[in-house]
Amino acid sequence: MIPFNKPHLTGKEAHYLYQAVSSGKLSGNGFFTRKVQEAFCTRYAFLKTLLTTSCTDALEMTAILANIQPGDEVIMPSYTFVSTANAFVLRGAVIRFIDSLSSHPNMDHNSIEELISPKTKAIVAMHYAGVACDMDPIMQLAGKHGLIVIEDAAQSIDSYYNARPLGGIGHLAAFSFHETKNVISGEGGMLVVNDIRFTERAEIIWEKGTNRSAFFRGEVDKYGWVDVGSSFLPSEIVASFLFAQMEEIDDIQTRRISLWNRYYEGLHELAQNGHIELPFIPSWATNNGHLFYIVCGDACQRDRLIEYLRNREIQAVFHYLPLHDSKFFKARHDGRPLPMTEKYSHNLLRLPLYYDLSSDEQDKVIETVKSFYLELTRA
Ligand SMILES: *Cc1c(COP(=O)(O)O)cnc(C)c1O
């Protein structure tokens, strides 16, 4: 069976894990936590980074930092993971969902402004497949209306928008190191703060609402409860694993991008013949090899292709079910149809893409997709 995903180990994880365990300090905000946070700040010029136990946690921190109150409105795509929305729903926000672009699953930035009301507090931009949303118009709109922009950069490590690293453009951003992402720690995430207004409070929320971090830096002589907060920081065990991954990020990215390009070339003919759509990378965006998807002609074809691949020992998967139409949200939705979200939900298929996928295995995936369409045209 060629699985959809296989977590990749760089080889140094056990070494750093051992180092963390034998150091005698296992809780969070220690040596490896700081090493990883610094590595991100150095590589991407982020103002401040805080490791979290998941991207979901980091998103929840952004909702607290944005001071979301019950009834406040937050604009975001419907075609995204539940955590993008849940983080704000937990604070009582009203979610206004945006449709996807016709050319890409990313949200259509041109339909944001019509949803802005006096209650709007924030816009959440999710970069699907690590491909940047058009951030300049989004940031301009936010500036004009005094809104906070949060990047759900869960899939966006080492990807760029007009040469600027994703996660470094919005006021706040959240990354994921879940085992399905490019750089992993099993479960894990990171908050990025790009606006100095939020740096101090972010640290307090991260440390259970206390000024413990400032205390350890010697800035205050005792620490206590100063704000709301929770236990968002991961242990050194997680951070040491992540450090091993970050050391090899260039190698990971090179491999994933080359696999991505090989799929693109191998399936190009099917797109030319009009059977499928291949991923579109806008001129402002880079490709970080996070995931490779194809868009099938319709839902029935997509589901049959999944089954066809499964019968040939290949695991391919669909992606998001539209949040605006979910069991939880349906009755809360304002009723606007979001046809492009439905299109990607019905027709999009993700192919296996992971560091250790061999050329032979990838050839098998490409040939099997091609033979499905060959049989379809013959039938
Ligand atoms: C993976 C993912 C998340 C959640 O990440 P966790 O680290 O599992 O919490 C959130 N948003 C998007 C877009 C994702 O792809």
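Residues numbered from 1 in each chain as written. Predicted model: local features only at pLDDT ≥ 70, side-chain atom pairs only at ≥ 80, totals over all residues. Heavy atoms only, no water.

Caption draft 1: Molecular detail of the sheet that holds strand 2 (residues 73-77). Within the open sheet, the 7 strands sit side by side as 1-9-8-5-4-2-3. Their pairing is mixed. On the outer flanks of this sheet lie strand 1 (48-52) and strand 3 (94-98), each paired with one strand and no other. Strand-to-strand, the axes of this sheet are offset by a mean angle of 20°, without reference to chain direction. Of the strand pairs in this sheet, strand 8 (residues 172-176) and strand 9 (residues 189-193) are connected by 5 bridges, and their pairing is antiparallel. Across the sheet, the residue bridging to A174 is L191, located in strand 9. Packing of helix 3 (residues 55-65) onto the sheet brings it into contact with strand 1, strand 5 (148-152), strand 8 and strand 9, and relative to strand 8 it is tilted by some 170°. Running at roughly 15° to strand 1, helix 6 (residues 199-206) makes contact with strand 1 and strand 9 of the sheet. (Pairing = 2+ DSSP bridges. Helix = DSSP H or I, 4+ residues; strand = E, 2+ residues; numbered from the N terminus. Axes fitted to C-alpha atoms, helices over the stretch in contact; angles between N-to-C directions. Contact = heavy atoms within 4.5 Å.)

Caption draft 2: Quick look at the site of the ligand. T56, D152, Q155, S176 and K181 are the nearest of the 14 residues found near the ligand. T56 is positioned such that a nitrogen or oxygen atom in its side chain is 2.5 Å from an oxygen atom of the ligand. In isolation the ligand has 380 Å² of accessible area, and contact with the protein removes 93% of it. Mapping the ligand onto the cavity grids shows that it belongs to the largest pocket. (Near = heavy atom within 4 Å. Polar contact = N/O pair within 3.5 Å; in protein donor to acceptor, adjacent residues only side chain to side chain. Areas by Shrake-Rupley, 256 points an atom, 1.4 Å probe, with all protein chains shown as cover. 1 Å grid on protein atoms, 1.4 Å probe; cavity = no way out; pocket = protein on both sides within 12 Å on 5 of 7 lines; lining within 4 Å. Sits in = over half its atoms within 2 Å of the grid points.)

Caption draft 3: How the structure looks around the layout of surface pockets. Here the largest pocket is characterised by a volume of approximately 590 Å³. The wall of the largest pocket is formed by 32 residues, among which F81, T180, K181, H319 and Y320 lie closest to the centre. Listed by contribution, the elements that provide at least two residues to the lining of the largest pocket are helix 3, helix 4 (82-89) and strand 11 (348-351). Around the second largest pocket, the lining comprises 17 residues; the ones closest to its centre are N29, R34, E203, S213 and R217. Where the lining of the second largest pocket is concerned, the elements lending two or more residues are helix 2 (31-44), strand 1, helix 6 and helix 7 (212-216). Among the elements that line the lining of the second largest pocket, the one with the most residues is helix 2, at 4 residues. Taken together, the residues of the lining of the second largest pocket break down into 5 nonpolar, 5 polar and 7 charged. (Points joined across faces, edges and corners; volume = space filled by probe spheres on them. Nonpolar A, V, L, I, M, F, W, Y, C, P; charged D, E, K, R; others polar.)

Caption draft 4: The arrangement of the packing of aromatic side chains in detail. Taken as a whole, this structure holds 23 aromatic pairs when the rule is applied. Ring geometry for Y128 against Y293: centres 5.8 Å apart, planes inclined by 55°, an arrangement best described as tilted. Taken together, the residues span a long stretch of sequence, with Y128 in the loop between strand 4 (120-126) and helix 5 (135-145) and Y293 in strand 10 (residues 292-295) at a distance of 165 residues. Taken as a pair, Y128 and Y293 share a single burial class, namely buried. Ring pairs connect the aromatic residues F40, Y44, F46, F175 and F177, which therefore count as one cluster. Across the ring face of Y308, the terminal group of R312 is positioned such that the distance to the ring centre comes to 3.5 Å. (Phe/Tyr/Trp six-rings, centres within 6.5 Å; stacked < 30°, edge-to-face > 60°. Buried < 20%, exposed > 50% of the residue type's maximum accessible area, 1.4 Å probe, protein only. Lys NZ or Arg CZ within 6 Å of the ring centre and 35° of its normal.)

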